[in-house]
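Notes for the structure review
This is what each chain is made of:
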Amino acid sequence: MCRVVRHRSRYRKSRYRTQARGVLKVAESYSFASIEPKWQQYWAQNKLFEVPNDSPADKYYLLVMFPYPSGKAHMGHVRNYIIADVMARHRTMNGYAVVQPMGWDAFGLPAENAAIQNQIHPSEWTEQCVEEMKQQFDALGISYDWTREVNASEPDYYKWTQWLFLQMYHNGLAYTGEATVNWCPSCATVLANEELDGTTCERCGSEVEPRQVPGQWFFKITDFADDLLDDLATLDDWPASVLAQQTNWIGRSEGVRFSLDIEDSDHQMEVFTTRIDTIYGVTFMVLAPEHPLVAELTEGTEYEEPVREFVRKAMREDEISRTAADTEKHGIFTGVHAIHPLTGQRIPIWVANYVMMGYGTGAIMAVPAHDGRDFEFARKYGLPVVPVIQPEGESFHGDTMAEAYEGEGLQINSDRFDGLHCTDAAGQLADHMEEQSIGSRAVNYRLLDWLISRQRYWGAPIPMVHCDSCGTVPVPFEDLPVLLPTDAEFKPTGESPLARNEDFVNTVCPSCGGPAKRETDTMTTYVCSSWYYLRYINPHEDDQPFVKSDVDHWLPVDHYIGGVEHAVRHLLYARFVTKVLHKLGYVDFTEPFARLFTQGMICARTADGRLEKMSKSKGNAVPADKIIAQYGADTARTYVLFVGPPEQEVEWSDEGVAGIFRFLSRVWRVVAGNLQHHDAAWRDHLGGDLVDEQRAIRRKTHQTIRKVGDDIERMHFNTAVSACMELTNDLVAYAGKMSGDNPTDCAVFSEAIEHLTILISPFAPHLADELWERMGYQPSLLQTTWPEADEELAAEEQVTIVVQVNGKVRDRLTVPAGSDMEQVAEMAKQTEQVQKHLEGKSVRKIITVPDTLVNIVVS
RNA sequence: GCCGGAGUGGCGGAAUAGGCAGACGCGUUGGACUCAAAAUCCAGCGGGGAUCACACCCCGUGUCGGUUCGAAUCCGACCUCCGGCACCA
């Protein structure tokens, strides 16, 4: 960049030195309200944030999870955008081509609900909110490349969401069917399992109901369960908690799946177990109440009526919550027996509420001796308990066991497997059952396929057509997008609002040309957000969703920043979609996000004094524009960085914000108020010998350069800001004492204020650019190279050596850095303090750490 | 129950690789400036003891133990809180 060399006469004005205080007082005050818009305009006009795809520098793709446009942001929202912006600005100043795009997750329930509430069409509502939020982002000085802006609710975007759907469909990864799904009565739509908090809707908190809904579309995410699980191991830069949550969610378990014949019946029942070693201890079988065999097996028998009654009751209970572990276990005998595949014994089949249809096969082999739940059930209904595993030295008896034994041990009551350790027995039993074609090793997942259909208006229409003669037919690629009609009634009724729009529904079959009807459900917004990070690379491409070579250059995202609430939902779906696109050859990478950072929420006190996540509905939100108006964007930015470690939840503090404002004002005063001492040619005046105080300021300056850069890299923004505070404090003191007539004083001071200005620029970019310009330099600092610390200058000349006796600090010595530690140890032994503690004892050992410590070990 | 994370002054937090615990900020106390206030600047503030005052001594990073010359940091057990999963077979 070009440096404007300031004219020397400026520096002569420093004869005011003796009135430094007076000069400070009359100095122009820190008027953020005029500075901030000025620089925002300057950055936009000079297109400083735009980074083209073919930028020659090393690429850095920095991404914040794109938000649903909600209009006015509060300080809780602001945090992650600022964190990302600091990283982006710092990387840019380090010479990277940093892409930091922003866009809008504009489809979906929140936007639709808000629109309904405000009696306005969702598209209009969305447009308004986008405008508002964009303004706020700009008012915060965030360096987004708006040329890459995407909006998921616009046809040129959702055309490609539909393309993605068709890719899934044509490759056997999208299927439709009737299924029991989660229905949220308040949102009036079905939801994916990932969108539940237990049994309630994560969005509105309503209890969801199981409901049979025909024609629901699913993506076969289970085909990728192993890849999704295994590749977690490659994500070194993801938080442990997110990896753990995804692992939990996928819920892989290995075991054996096998079938049992049923007495006097053509039916078989299939079960899955992770404890095949306990198979000789099976004393009853249990079916889930929803299991189809229940009705079939009891039909026409004396058990039919009571069993049906039981099932009815159990299903009702389900709505309340059968899944809680402490729910009382109930069951009823079906009157039917299964045949044990190894012993040929008759085993009674029961129906019970503690077996879930949604997991495994919906049926279990019950081994009460070795499973707590089966044990509880057996004791309640007087069913036999047969132990088959016993640790050495124990002697179990089925009638007297007080609880199930779930640990390891040796096989008993297990025919020819007796005496084996249970893990060996498990292997041999699995082999045996596979050889005899009774069953086979199997893997079971908790993860289920992804339900993407929604009975709502505001989403991307599913590009499928139903034809009486051809069946379900995909819309051809060239006919995309299937446009969302703008004139549709959009109030939710439980059926897709699109179904009542004749113009939309009635179409021709792409296959036979006859009359046909469109699919009227829309896709969940999680489909839109599962691929948006690709579109940012080629947001204006008309013929394809993205250009492979560009995407392969920029992806994976180097640093992805967002809320931990997406640990499973969005992040799992995005990984899945990436893997699909990889498999189909559209991208070369298999994971979309190399490094993930999940920031903590900002919390605030509610009216009744509780600490809660900041939100409008809880009444504890601090609007971002209020803080910007009161203190300015730079204070808002610096505060959310200083408030605490970014991954942690923090409490909002009005006093804290005021403190940051004081700090920035102090920076303003010490720099802008002393510009008469600024000398752009400071490098020319630092050649000679410096006095201690001058060297101390240079040392502090270079130590700060080192610390701020390191701390930003490791995302310790709070300590980076505090380092700037320390330097500022030193400079305030120095400015009061320095001589404006002394060129060396001025040079030292100039070096310091220039660097302070550069170092705070990622945090407070407006203030920094204003000061930079006032020093006579060409803005913007974003185009300036991040400084490198001079390690020699940063090194301490004198170090404090801690002198310990037996590990307790007894004295301190100040010696030149790099002193010979043996000599220092000798000195240490002689000091009065140490002598006191050595009296009457003999020195056994002396431990020294260079420039740090002497520890004298005495007995 | 299983998995993940965290416990440090009045408060938010700092201590990057096992080496001075408490940086920086908030709050608070005292002082300077002022007719006064605000703003600003300077100084003190973990607990206990000792002292006219210093010097100095003891305790102290959730609890108990261990490793080590030395532990907020490593190991073991436990307690509490936060998050995820959960009658998951």
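All values derive from a computational prediction rather than experimental measurement.

Analysis parameters
Residues numbered from 1 in each chain as written. Chains lettered and ligands numbered in written order. Predicted model: local features only at pLDDT ≥ 70, side-chain atom pairs only at ≥ 80, totals over all residues. Heavy atoms only, no water. Pairing = 2+ DSSP bridges. Helix = DSSP H or I, 4+ residues; strand = E, 2+ residues; numbered from the N terminus. Axes fitted to C-alpha atoms, helices over the stretch in contact; angles between N-to-C directions. Contact = heavy atoms within 4.5 Å. Near = heavy atom within 4 Å. Polar contact = N/O pair within 3.5 Å; in protein donor to acceptor, adjacent residues only side chain to side chain. Core = buried A, V, L, I, M, F, W, Y, C linked by side-chain atoms within 4.5 Å. Buried < 20%, exposed > 50% of the residue type's maximum accessible area, 1.4 Å probe, protein only. Domains from an automatic or database assignment. Expected span 1.5 Å × (residues − 1). Parallel < 35°, antiparallel > 145°, perpendicular 65-115°, else oblique. Nonpolar A, V, L, I, M, F, W, Y, C, P; charged D, E, K, R; others polar. Buried area = accessible area lost by both parts, 1.4 Å probe. Salt bridge = Lys/Arg side-chain N within 4 Å of Asp/Glu carboxyl O.

Structural notes on the sheet that holds strand β24 (residues 515–518)
The strands making up a sheet associate through hydrogen bonds between their backbones, and the pairing can be parallel or antiparallel. With antiparallel pairing, four strands are arranged side by side in an open sheet as β22-β21-β24-β23. Where the open sheet ends on each side, the last strands, each with one partner, are β22 (471–474) and β23 (506–508). Sheet twist, expressed as the mean angle between neighbouring strand axes with direction ignored, is 45 degrees. The pairing of strand β21 (residues 464–467) with β24 spans three bridges and is classified as antiparallel. Paired with His 466 across the strands is Lys 517, a residue of β24. Where helix α7 (residues 155–170) meets the sheet, its contacts fall on β21 and β22, and the angle it forms with β22 comes to roughly 125 degrees.

Points about the protein's contact with RNA strand B
Close contacts around RNA strand B come from 59 residues, with Lys 329, Tyr 359, Arg 446, Arg 666 and Asn 855 the closest. For RNA strand B, the backbone makes up 65% of the atoms found within 4 Å of the protein, where backbone means sugar plus phosphate. Gln 648 is positioned with one of its side-chain polar atoms (N or O) 3.1 Å from a phosphate oxygen of RNA strand B. Taking Arg 812, its side chain carries an N or O atom lying 2.8 Å from a base oxygen of RNA strand B.

Concerning the environment of Lys 59
Within the secondary structure, Lys 59 sits in strand β1 (residues 59–64). Taking C-alpha positions, Lys 59 is 20 Å from His 540, a pair spaced 481 residues apart along the chain. When sequence neighbours within four positions are dropped, the list of residues in contact with Lys 59 reads Tyr 96, Ala 97, His 553, Trp 554, Leu 555, Pro 556 and Asp 558. A distance of 2.8 Å separates the side chain of Lys 59 from the backbone oxygen of Trp 554, its partner in a polar contact.

Thoughts on the nonpolar core
Core analysis: the biggest nonpolar cluster contains 101 residues, and Met 75, Trp 652 and Phe 763 have the highest contact counts within it. For this core, the two domains that each supply at least three residues are domain 1 (9–28 + 653–793) and domain 2 (57–152 + 234–251 + 531–630). Beyond its immediate chain neighbours, meaning those up to four positions away, Met 75 contacts Ile 602, Met 614, Val 622, Pro 623, Ala 624, Ile 627, Ala 636, Val 640 and Trp 652. Listed in part, the 89 residues of the second largest apolar core include Leu 232, Met 464, Leu 484 and Leu 581.

Some details on α7
The end-to-end C-alpha distance of α7 is 22 Å, a good match for the 22 Å that 16 residues give at a rise of 1.5 Å each. Counting buried residues along α7, twelve of its 16 residues qualify, which places the element largely inside the surrounding structure.

Things to note about the packing of helix α5 (residues 109–117) against helix α6 (residues 122–139)
Helix-helix packing is characterised by the crossing angle of the two axes and by the distance between the axes. At a closest axis distance of 9 Å, the pairing of α5 and α6 adopts a crossing angle of 105 degrees. What the angle tells us is that α5 and α6 run roughly perpendicular. Along its contact with α5, which presents Ala 111, Ala 114 and Ala 115, the element α6 presents Pro 122, Trp 125 and Thr 126. Its residues assigned to classes, the contact of α5 with α6 shows five nonpolar, one polar and no charged.

Digging into the domain arrangement of chain A
Domain boundaries assigned for chain A yield domain 1 (9–28 + 653–793), domain 2 (57–152 + 234–251 + 531–630), domain 3 (160–220 + 456–526), domain 4 (253–444) and domain 5 (798–858). Distance from the C-alpha centre of domain 1 to the C-alpha centre of domain 2: 34 Å. Listed per partner, the contact involves 17 residues of domain 1 and 15 residues of domain 2. Between domain 1 and domain 2, the buried area comes to about 1500 Å², and carbon and sulfur atoms account for 70% of it. Ranking the residues of domain 1 by area buried against domain 2 places Glu 713, Met 715 and Leu 782 at the top, with a combined share of 39%. Counting across the domain 1 and domain 2 interface gives one salt bridge. Across the salt bridge formed by Arg 91 and Glu 713, the nearest N and O atoms sit 3.0 Å from each other. At the boundary of domain 1 and domain 2, one finds two residue pairs in polar contact (both at pLDDT 80 or more). Residue assignment for the side of domain 1 that touches domain 2 shows that the elements contributing at least two residues are α22 (692–713) and α25 (765–774). The biggest single contributor to the side of domain 1 that touches domain 2 is α22, with three residues. Looking at the side of domain 1 that touches domain 2 residue by residue, the classes come out as eleven nonpolar, five polar and one charged.

Notes on the pairing of strand β5 (residues 174–184)
Relative to strand β9 (residues 209–219), β5 runs antiparallel, the two being bridged by nine bridges. Bridge pairing in β9 links Val 181 to Arg 211. Where β5 lies against strand β6 (residues 189–191), three bridges are found, and the strand directions are antiparallel. Paired with Asn 182 across the bridge in β6 is Leu 191. A loop of four residues connects β5 with β6, the two strands running antiparallel in sequence, and Ala 188 in this loop sits at a positive phi of about 55 degrees.

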